[in-house]
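Chain by chain, the residues:
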Amino acid sequence: MNATPRPRLILLCGLPGSGKTTLAGRLADAVPAVRRCPDEWMADLGVDLFDEGTRDRLERRFWEHTQELLRLGQAVILEFGFWARSERDEKRLGARALGVPVELHYLSAPIDELCRRLEARSVTGGSGTAPVTREMLQEYVKLFEAPDDAELGLYDPPPPGRPD
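Please read all numbers here as calculations on a predicted model, not as lab measurements.

*Asks:* Would you mind showing me how to read the overall build of the protein here?
*Replies:* When you go through the protein residue by residue, the secondary structure sums to 7 helices and 4 strands. Counting from the amino terminus, the protein carries its helices and strands in the arrangement β-α-β-α-α-β-α-β-α-α-α. What you see for the protein is a C-alpha radius of gyration of 16 Å, in line with the 15 Å of a compact globule of 164 residues. Considered along the principal axes of its C-alpha atoms, the protein spans approximately 40 × 35 × 30 Å. When burial is assessed residue by residue, the protein has 41% of its 164 residues classed as buried. At a minimum sequence separation of 6, the contacts of the protein that also span at least 24 residues come to 78%. One way to put it: in the protein the 22 positive side-chain charges average out to a point 4 Å from where the 27 negative ones average out.

*Asks:* What exactly am I supposed to notice about the pattern of salt bridges here?
*Replies:* Pairs can form between side chains of opposite charge whenever their charged atoms are close. On inspection of all chains with the given rule, the structure shows 16 salt bridges. The salt bridge partner of arginine 85 is aspartate 89, with a shortest N-O separation of 3.1 Å. Of this pair, arginine 85 and aspartate 89 both sit in helix 4 (residues 85-97), 4 residues apart, roughly one helical turn. We classify aspartate 89 as buried; its relative accessible area is 18%. One network of salt bridges, in which partners are shared, links Arg85, Arg88, Asp89, Arg92 and Glu151.

*Asks:* I keep staring at the pairing of strand 3 (residues 75-81) and nothing clicks. Help me out?
*Replies:* Regular strands place side chains that alternate from one sheet face to the opposite one. For strand 3, a buried count of 7 out of 7 residues is recorded, marking the element as mostly surrounded by other parts of the structure. Residues Ala75, Ile77, Glu79 and Gly81 line one face of strand 3 and the alternating positions Val76, Leu78 and Phe80 line the opposite face, and both faces are buried. Bridge analysis of strand 2 (residues 34-36) against strand 3 gives 3 bridges, and the strand direction is parallel. Pairing of arginine 36 across the sheet is with leucine 78, part of strand 3.

*Asks:* How should the environment of tryptophan 63 be read in this particular structure?
*Replies:* Position of tryptophan 63 relative to the elements: it lies in helix 3 (residues 52-71). For the pair tryptophan 63 and alanine 146, spaced 83 residues apart in sequence, the C-alpha separation works out to 21 Å. Contacts of tryptophan 63, omitting those with residues within four sequence positions, involve Leu9, Leu78, Glu90, Lys91, Gly94 and Ala95.

*Asks:* It is not clear to me how the side chain of glutamate 40 should be interpreted in this structure. Could you clarify?
*Replies:* Here glutamate 40 shows up in helix 2 (residues 38-44). In this structure the side chain of glutamate 40 is engaged in a polar contact, spanning 2.9 Å, whose partner is the side chain of arginine 35.

Rules and cut-offs
Residues numbered from 1 in each chain as written. Predicted model: local features only at pLDDT ≥ 70, side-chain atom pairs only at ≥ 80, totals over all residues. Heavy atoms only, no water. Helix = DSSP H or I, 4+ residues; strand = E, 2+ residues; numbered from the N terminus. Rg over C-alpha atoms; globule rule 2.2 N^0.38 Å. Buried < 20%, exposed > 50% of the residue type's maximum accessible area, 1.4 Å probe, protein only. Contact = heavy atoms within 4.5 Å. Lys, Arg positive; Asp, Glu negative; His and termini not counted. Charge placed at Lys NZ, Arg CZ, Asp CG, Glu CD. Salt bridge = Lys/Arg side-chain N within 4 Å of Asp/Glu carboxyl O. Pairing = 2+ DSSP bridges. Polar contact = N/O pair within 3.5 Å; in protein donor to acceptor, adjacent residues only side chain to side chain.

Honestly, it's all geometry; don't read function into it.
Written out as C-alpha cells, the structure reads:
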C-alpha cells in the first residue's frame, strides 16, 4: 500500500515522443499523484489538438486546479511539455509560494528516435495524440528551450526510494 500522499508538483518537460506520458503514468501510480495531460483532455472533448487558444485556456484552468490540489495536500503531475523556461519558472515559483517541493523531469531523445516513437504512436492510435511529422518536430526543436544544469539545480530531487 502506498504511503499517504504529500503535496508535490512534478513537471514533465520534453518534446513530443520524449516519453512524458509513459513516465507520467508510472509516477502517478508510484507517488500517488493526480495527472493532468492537456492532449488527453482535448482529444476526449473532441477539440483539435493544435487549437492553441483552447490549449492555453485548459492549461490555465489546470494550473488553477493544481494549486487547489496542492493546498489540499495532493501531489500533482503536469504533463504540459514546458517548452519555455518562463513556463517552468512560473509553476516552480507558484508551487514554492505554497511551500510545496517541485520536481522537473526533462526527457530528451535524438530527433530520429522521437520520429520513430511518434510513428509507432500514430500506428497504434494512442489516446490524446496528434500526428506530428518530422518537419513539425524539426520546427519544434527550434522553439524548445531545454533546461540547462543551472536550471535543473533549482528543482527538488525525487524522494529517496521512489521508483520512477
